[in-house]
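Here is what each chain is made of, one letter per residue.
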Amino acid sequence: MLWSSSLAVFQLRGEVAVWLKKIFGDHPIPQYEVNPRTTEILYQLSERNRVRDRDVHLVVEDLKQKASEYESEAKHLQDLLMESVNFSPANLSSTGSRYLNALIDSALALETKDTSLASFLPAVNDLTSDLFHTKCKNEEIKLELAKLEKNLTASLVLEKCLQEDLKKAELHLSTERAKADHRLQNMDFLKAKSEEFRLGIRAAEEKLSARGMDASLSHQSLVALSEKLTELKQQTIPLKKKLESYLDLMPNPSLARVKIEEAKRELDTLEAELTKKVDMMEL
């Protein structure tokens, strides 16, 4: 079994070598790695090449046969012309030869079976129809191309606008980022200062408390007193308006005097309390 397999590989190598020699001719065959795989691939290529050469040979033979048939037909027609009207293409003038060649070239270009008018007219009509369809197609292509150019111009303008907007957005973003960084630095600075002031206030309050300062004079107490002062001022506003309303009246003098004295005493009390609070805040 092994011997027969080796024999088959040896035969394939021989056929491949013959095929390569045929392909390269007098030129040296390129070096390649000889193994069963490369031998199999080259053998398959040689078989395909042989099939292609055979097909090409068949086509060539067919073309030769058709050429021989055409030559025989042409000779028959020439003989027929000579016998019927004693006419031969060799007897034509140079102008007649040009016309005849032009007629032949036209028949070949139009792919007619002969040079008769019945063959030329349908071929020319078909060619005219194809030309008309081609022109229509060209017009459609031109319209489509104009539309595409218009869309392309609009796209380019839009792209340019978008690029400008992008640059503006990037510039604005950079500016806002710088502002945000500056604000963040200020915030960090303010936080540090706030913490520093808070610690300073606490230390000062602790020192004042150690020295026997009244707790009512602390920062929080002063803030509360300020709020209370604002509230008292708001409370005196309606009393003053009430007093003014009494001053505009013409009542019994004794009764008015009593009311005025009451209002004055209430006002004096509020003012005294207000003054006391203000003095405590100044301390």
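Bear in mind that the values here come from a model prediction, so they are computed numbers and not experimental data.

Trainee: Is there a simple way to explain the confidence of the model for the chain in this structure?
Mentor: Parts of the model with low pLDDT should not have their predicted coordinates read in detail. Per-residue pLDDT for the chain averages 77, and the proportion of residues at 70 or more is 78%. Of all the helices and strands in the chain, helix H6 (residues 253–282) carries the lowest mean pLDDT, 70, while helix H4 (residues 117–210) carries the highest, 86.

Trainee: Before we go on, may I ask you to explain the environment of asparagine 49 in this structure?
Mentor: In this fold, asparagine 49 is placed in helix H2 (residues 36–85). Overall, asparagine 49 belongs to the buried group, its relative accessible area being 12%. Spatially, the C-alpha atoms of asparagine 49 and isoleucine 23 are 9.8 Å apart, while their sequence positions differ by 26 residues. Discounting chain neighbours no more than four positions away, the residues touching asparagine 49 are Trp19 and Ile23.

Trainee: What should I look at first to understand the pattern of salt bridges in this one?
Mentor: Oppositely charged side chains can pair when the atoms bearing their charge come close. Under the criterion given, the structure shown has 5 salt bridges. In this structure, glutamate 47 and arginine 50 form a salt bridge, with 2.9 Å as the shortest nitrogen-oxygen distance. Of this pair, glutamate 47 and arginine 50 both sit in helix H2, 3 residues apart, roughly one helical turn. With its nearest N and O atoms 3.6 Å apart, the salt bridge here joins aspartate 62 to lysine 66. With aspartate 62 and lysine 66 both in helix H2, this residue pair falls 4 residues apart, about one helical turn. Judged by relative accessible area, which is 38%, lysine 66 ranks as partly exposed.

Trainee: Whenever I open this one, a nonpolar patch on the surface confuses me. Can you help?
Mentor: Judged by side-chain polarity, Ile23, Phe24, Ile29, Tyr32 and Val34 come together as a nonpolar surface patch covering roughly 400 Å² of accessible area. The exposure class of tyrosine 32 is partly exposed, given its relative accessible area of 35%.

Cut-offs and rules
Residues numbered from 1 in each chain as written. Predicted model: local features only at pLDDT ≥ 70, side-chain atom pairs only at ≥ 80, totals over all residues. Heavy atoms only, no water. pLDDT = per-residue confidence, 0-100. Helix = DSSP H or I, 4+ residues; strand = E, 2+ residues; numbered from the N terminus. Buried < 20%, exposed > 50% of the residue type's maximum accessible area, 1.4 Å probe, protein only. Contact = heavy atoms within 4.5 Å. Salt bridge = Lys/Arg side-chain N within 4 Å of Asp/Glu carboxyl O. Patch = residues over 30% accessible without salt bridge, like charges linked within 9 Å, V, L, I, M, F, W, Y side chains within 5 Å. Areas by Shrake-Rupley, 256 points an atom, 1.4 Å probe, with all protein chains shown as cover.

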